[in-house]
Amino acid sequence: MFLYKSSRLHVGPVSFALPEGFYLDSDTPDGYANALTFYAPDHRFCFHIATEKDPLDSHNSLKSFIGELSKERILRQITPITHPIPGHEVIYTEYKNRARASYEAHFDYYDKGEHYNFILYTTGDAPVDEVMSHPGFQAVFDSIRLDPQTE
């Protein structure tokens, strides 16, 4: 479950700001227990935020995920993220058309001694570079932080 407090959504010790003008869909994507989907105002793309308990760190979690997707073509290898919360990111596609690429980031955090991945990933028809540079996506990405006091 997500907690709304001080104009931010919190899940465990991680919080983020809501994107201005985006549509919020609370249907859980891809079977995640804790997840939300945000649709761009023009519906050309969306991004998903999810959390999952995972014994693997962000790098190995993405490595496992990419390894499972044999049809996927990696456009950018798994790389560390420069962010207040440690994590890794990758860009991949199962189509040769770059417009169908997806960005995925996993951030490592601990809650009550258990390791979790905070996951942010994109889908849709807009080119992935356009999605990643969109002010709404950037606002959410830049706002992700640890807030241990909410545990």
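The structure displayed is predicted, hence computed values, not measured ones.

(A) Seen up close, the sheet that holds strand 6 (residues 45–53). What the 7 strands build is an open sheet, ordered 4-5-6-10-9-8-7; its pairing is antiparallel. Here the strands that pair on one side only, and so sit at the sheet edges, are strand 4 (23–25) and strand 7 (73–80). Pairwise comparison of adjacent strand axes, ignoring direction, gives a mean angle of 15 degrees for this sheet. Pairing between strand 5 (residues 34–39) and strand 6: 6 bridges, direction antiparallel. Each bridged residue has a counterpart across the sheet, and for Asn34 the counterpart in strand 6 is Thr51. Contacting strand 6, strand 9 (102–111) and strand 10 (114–124), helix 3 (residues 135–143) runs over the sheet at an angle of about 20 degrees to strand 6.

Reading guide: rules and limits
- Residues numbered from 1 in each chain as written.
- Predicted model: local features only at pLDDT ≥ 70, side-chain atom pairs only at ≥ 80, totals over all residues.
- Heavy atoms only, no water.
- Pairing = 2+ DSSP bridges.
- Helix = DSSP H or I, 4+ residues; strand = E, 2+ residues; numbered from the N terminus.
- Axes fitted to C-alpha atoms, helices over the stretch in contact; angles between N-to-C directions.
- Contact = heavy atoms within 4.5 Å.

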